[in-house]
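# Per-entry structural report
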Amino acid sequence: MMRKEIPLLFDDLERIVHLSEYILQSNDKSIDFRRIIEDVLAISGAKYACMNLYDNEGIKFTTVALSGSSEIVAKATRIMGNKIVGRTYLHNAVRAEKIKGATITRFKSLTELSGDVLPRSIVAAFEKIFNLGESVLIKIEKNQVMLGDFEIFMEKGKYFDKDEAVTIYTRQVGTLLVYKNELSKAIERENLYTSLFSSVIEPLLLIDQETSAILDVNEAACRVYGYSRSEMLNLRVTDISAEPEITKQAIKEKITRIPLRFHKKKDGTVFPIELIIRSVTLNKRALLLSFILDISERLQAEKEMKESEEKFRLLFSGMDQGVALHEIIVDDEGQPIDYRYLDINESYTKLVGVTREMTIGKTIKEVMPNVEQYWIDVFGKVALTGESTNYENFLETTGKYYSTYTYSPKKNQFAVIVSDISERKNAENTLRKSEKSLISAQTMAHVGNWEINLDDETVWASEEYFRIYGFDYTSPYLTLKTARERAVPEFRELLATSLANLITKNEPYNIEYKIRDFKTGEEKFIHSIAEVSMNESGKITKVIGTLQDITARKKQEEEITKLSYHDYLTGLYNRRFYEEELNRLDTERNLPLTVIMGDVNGLKLINDSFGHDAGDELLMKAAKAITDGCRADDIIARHGGDEFVILLPKTDALKAEIIIMRIQALAEKQKVRSADISFSLGYAVKHTKEEKIEDVFKSAENQMYKKKLYDSPSMRGKAILSIMNALYEKNAREEAHSRRVSTLCERMGVAMGFPKDKVKELKMVGLLHDIGKIAIDESILSKPTKLNENEWEEMKRHPEIGYRILNTNEDMIDIAGYVLAHHERWDGKGYPKGLKGEEIPIESRIITIVDSYDAMTNLRSYKDSLPQKIAIEELQNNSGTQFDPELVKIFIEKVSHYKFKPL
């Protein structure tokens with residue numbers, strides 16, 4: 001049947017134009033495949049259409065969109081038993097051959113189009129149910145690369161006749177796919193560039209070679225130079241160079257590495273850099289990629305190294321001791337066979353009698369042909385293992401004694417430090433000749449002498465030796481076994497080992513050990529030193545030594561140590577011991593490790609109220625509560641004035657909280673001058689070895705401070721109440737006086753029209769105005785005669801003491817100020833500050849009047865009470881001098897007539 005192709009219609013052209021606009025306007029990677037397939041369906045007039053995309057190899061294709069009646073799509077999905085969109089199929093050879101060559105390939109049926117891609121039964125079902133006829137496949141190609149296809153399914157009896165329209169639309173789709181693919185690659189390249197550029201940890205600049213403009217920078221460059229990114233992109237590289245002319249020349253010459261240049265930061269600071277430069281081309285534009293290395297630290301390190309080397313050279317050449325540096329020479333098996341001189345100082349040439357020309361670069365066998373292999377082995381061991389040696393020897397060529405210390409500064413090298421000890425050795429020889437005189441002098445100094453005969457292991461000892469050990473002196477001899485048995489068991493091995501090392505290795509014998517007195521059983525500390533004695537042939541025959549009873553000194557040292565690690569007041573460990581113990585306990589085997597921080601509440605309040613003796617009592621009782629509440633092995637230390645710290649090894653949070661509750665309960669049973677004892681306690685637990693103990697301590701401290709914020713106000717309030725009660729117990733007359741003053745202050749507030757809160761505050765001020773008297777000696781408060789000058793000065797302290805007590809409570813700060821000023825005078829002659837007139841708070845002026853009035857009208861310890869009329873006259877007489885005249889009038893007219901009810 002001949003089919004006539006229908007030319008482009010306006011609607012088809014409009015869809016193609018819209019697709020072109022979509023390509024031009026789209027700037028993201030996503031494509032609306034649904035929109036495309038609906039356009040294809042509309043242009044073709046098909047009943048059903050789908051769009052497939054091929055993979056890069058053209059082996060598989062995936063259905064990305066389909067269009068048609070929703071009912072048809074739903075039925076097709078059910079028949080397929082799975083989704084259609086997103087399903088991938090194999091583009092086999094049969095299918096490829098069918099569509100080879102042509103852009104549009106027509107098939108009589110879906111069966112012919114699908115081939116082996118879909119099961120025949122499913123294809124037959126589709127054709128029958130959906131009344132499908134001709135099927136058409138249109139390739140989506142670009143640059144002869146097949147990107148995908150459209151599959152169009154016509155209704156039975158209808159044929160596809162929109163070749164030109166669909167072909168043009170398909171080419172546009174191909175353009176869109178290629179564009180999106182290139183856009184995606186471009187975005188990925190841009191992201192890769194940004195990622196690589198920003199990930200470089202050193203400063204990095206991208207520079208236009210022609211203009212020297214900075215085109216891009218990373219964060220490291222902004223941080224080093226002190227500019228923001230936008231600021232740097234407005235600069236040229238010469239703007240950040242401290243040597244702009246040299247920089248211009250370097251850019252022009254395309255130098256790839258510059259070991260030292262100087263740049264400057266935004267603030268003008270000049271710093272040294274090393275530059276690594278790479279030339280790059282982008283869009284035919286010559287660019288320079290500059291890596292900036294700040295070499296300030298390296299230059300400083302090189303400077304310091306040179307200074308260090310110079311200091312070493314000065315030290316090396318200026319030492320009094322002779323120093324020689326050698327390199328060991330080994331055989332194929334790594335055994336030392338010789339050594340070579342690398343350097344010697346001037347002192348070495350003088351002491352040993354060799355010159356630099358004789359030694360430097362030469363081996364020991366060349367310098368001293370008769371050297372024994374023994375010495376090469378000794379020095380080789382030092383160079384190869386790093387073990388040092390120290391020995392004394394006599395050199396016949398010089399006739400002198402030398403002390404030689406050998407160590408290895410680096411692998412395969414060793415240094416020999418030689419000192420002339422001839423004077424000391426000669427003195428020792430002289431000392432041995434006067435042995436009897438020395439023993440006599442040592443006896444007077446309570447130093448015992450002893451000698452061991454190595455042939456029979458008998459011990460000769462002086463009388464002082466026997467006295468120290470508690471033996472009866474019937475003979476100067478005893479056995480070595482007997483002497484060792486008097487040592488406390490744990491020191492016996494030390495005695496035997498030290499003696500053996502002295503004899504076989506010439507190691508120093510200078511030890512301290514404990515013995516048990518043979519007579520009294522008392523343990524004593526002994527200090528003993530010894531050396532070997534040789535016969536004429538050089539054989540060791542004796543060991544000669546001394547010993548001294550140092551028990552008294554050791555006890556003093558223990559007492560000093562105890563004092564240095566304990567708090568003098570509480571007897572607990574002090575901060576120094578705590579810090580050392582913390583380092584010892586901070587190990588994995590002690591986890592979980594709990595730190596408790598505690599602060600004694602109200603120490604300052606107790607000190608201000610009752611004196612520092614009471615404060616010391618508070619700290620001692622607090623320490624006892626903590627000690628009784630903790631376990632025997634817990635570490636408790638006084639960390640500061642009122643702070644304590646507790647270390648609990650192998651203790652978790654639950655056990656720590658139990659200990660804290662126990663401490664709090666014990667503290668609640670204690671009082672200091674009627675005031676309760678309380679703690680603010682915080683804790684933190686270290687669970688893993690990675691946690692820093694400093695952070696755990698800080699966490700415990702922070703928790704303690706939080707607790708203190710909650711605990712302190714209520715505790716200070718209770719403490720102030722306890723102080724008032726203690727004052728009243730101390731002096732009953734003060735209680736009655738305070739309550740009367742409180743009532744009269746309240747009435748003054750009412751008479752002056754104060755608000756209720758102010759009246760309430762004024763009443764409280766009256767009650768507390770003499771709280772500072774708690775710190776005044778009872779003998780002064782109750783003295784039956786007039787106070788003398790010193791006593792009066794003591795009494796005048798009570799406003800300041802009251803102020804300090806009340807000022808500890810934030811809710812009473814204002815009241816504290818009123819109490820401080822309640823003995824100020826209108827004329828400025830009062831105390832403690834000498835305030836005048838209205839400088840004095842009105843509350844304090846009211847208390848002054850009421851306090852004086854009550855004192856005059858009631859019995860005092862040293863004066864009888866006055867009639868009310870006389871007291872009022874006194875107020876009037878002192879109005880304008882001692883008292884505020886306006887307040888005096890109000891008090892006399894509205895308050896003075898108040899009658900107190902009998903108690």
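Cut-offs and rules
Residues numbered from 1 in each chain as written. Predicted model: local features only at pLDDT ≥ 70, side-chain atom pairs only at ≥ 80, totals over all residues. Heavy atoms only, no water. Salt bridge = Lys/Arg side-chain N within 4 Å of Asp/Glu carboxyl O. Helix = DSSP H or I, 4+ residues; strand = E, 2+ residues; numbered from the N terminus. Buried < 20%, exposed > 50% of the residue type's maximum accessible area, 1.4 Å probe, protein only. Pairing = 2+ DSSP bridges. Axes fitted to C-alpha atoms, helices over the stretch in contact; angles between N-to-C directions. Phe/Tyr/Trp six-rings, centres within 6.5 Å; stacked < 30°, edge-to-face > 60°. Expected span 1.5 Å × (residues − 1). Polar contact = N/O pair within 3.5 Å; in protein donor to acceptor, adjacent residues only side chain to side chain. Contact = heavy atoms within 4.5 Å. Parallel < 35°, antiparallel > 145°, perpendicular 65-115°, else oblique. Left-handed = near helix turned anticlockwise from the far one by under 90°. Nonpolar A, V, L, I, M, F, W, Y, C, P; charged D, E, K, R; others polar.

### Observations concerning the pattern of salt bridges
- Applying the stated rule across the entire model yields 38 salt bridges.
- Across the pair arginine 584 and glutamate 581 runs a salt bridge whose closest N-O atoms are separated by 2.2 Å. In this pair, arginine 584 and glutamate 581 both sit in helix α22 (residues 575-585), three residues apart, roughly one turn of the helix.
- Here arginine 740 ties to aspartate 854 by a salt bridge, and the two come within 2.6 Å at their closest N and O atoms. Here the residue arginine 740 occupies a position in helix α27 (residues 732-751), and aspartate 854 occupies one in helix α33 (residues 842-857), the gap between them amounting to 114 residues.
- Under the relative-accessibility criterion, arginine 740 is labelled buried at 18%.

### Focus: the sheet that holds strand β28 (residues 679-686)
- Pairing within the open sheet is antiparallel, and its four strands lie in the order β24-β25-β23-β28. Lying at the two open borders of the sheet, with one neighbouring strand each, are β24 (635-638) and β28. Along the sheet, successive strands turn relative to each other by an average axial angle of 15 degrees, direction set aside.
- Bridge count between strand β23 (residues 593-600) and strand β25 (residues 643-648): six bridges; the pairing is antiparallel.

### Let's talk about the packing of aromatic side chains
- Counted under the stated rule, the structure contains 19 aromatic pairs.
- Taking the centre distance of 5.0 Å and the plane angle of 15 degrees together, the rings of phenylalanine 379 and phenylalanine 414 count as stacked. In this pair, phenylalanine 379 is assigned in helix α15 (residues 373-385) and phenylalanine 414 in strand β16 (residues 413-420), connecting sequence segments 35 residues apart.
- The buried category is assigned to phenylalanine 414, whose relative accessible area is 0%.
- Here tryptophan 450 and tyrosine 509 contribute two aromatic rings whose centre-to-centre distance is 6.1 Å and whose plane-to-plane angle is 70 degrees, an arrangement assigned as edge-to-face. Taken as a pair, tryptophan 450 in strand β17 (residues 447-453) and tyrosine 509 in strand β20 (residues 509-516) lie far apart in primary sequence, 59 residues in all.

### Some words on unusual backbone geometry
- Omega for the peptide link from leucine 591 to proline 592 comes to -5 degrees, which places this bond in the cis form.
- By the secondary structure assignment, proline 592 is in the loop between α22 and β23.
- Backbone torsion omega between tyrosine 831 and proline 832 reads 10 degrees, so that peptide bond is classified as cis.
- With respect to the element layout, proline 832 can be found in the loop between α32 (813-820) and α33.
- Although it is not a glycine, asparagine 412 sits at a positive phi angle of roughly 70 degrees.
- Relative to the assigned elements, asparagine 412 resides in the loop between β15 (400-407) and β16.

### Here's the deal with α33
- Compared with the 22 Å implied by 1.5 Å per residue over 16 residues, the 23 Å span of α33 between its first and last C-alpha is a close match.
- Counting buried residues along α33, 13 of its 16 residues qualify, which places the element largely inside the surrounding structure.

### A closer look at the side chain of aspartate 343
- Residue position: aspartate 343 is located in strand β13 (residues 336-344).
- The buried category is assigned to aspartate 343, whose relative accessible area is 11%.
- A polar atom in the side chain of aspartate 343 sits 2.8 Å from the side chain of arginine 356.

### A word on the sheet that holds β20
- Overall, antiparallel pairing links the six strands, which are arranged β19-β18-β17-β22-β21-β20 in an open sheet. A single partner strand is all that each edge strand has here, and the edge strands are β19 (477-479) and β20. If you compare each strand with its neighbour and ignore which way they point, the axes differ by 30 degrees on average.
- The sheet contacts of helix α20 (residues 492-505) involve β17, β20, β21 (523-534) and β22 (540-549), and relative to β20 the element is tilted by about 155 degrees.

### A look at the packing of helix α28 (residues 756-768) against α33
- Running from amino to carboxyl end, α28 crosses α33 at an angle of 50 degrees, the nearest separation of the two axes being 10 Å. As the angle between them shows, α28 and α33 are arranged oblique. Considering the relative orientation of α28 and α33, their crossing is right-handed. Residue-level contacts link Lys758, Glu761, Leu762 and Val765 of α28 to Glu843, Ile846 and Ile847 of α33.
- For the contact of α28 with α33, the class distribution of residues is four nonpolar, no polar and three charged.

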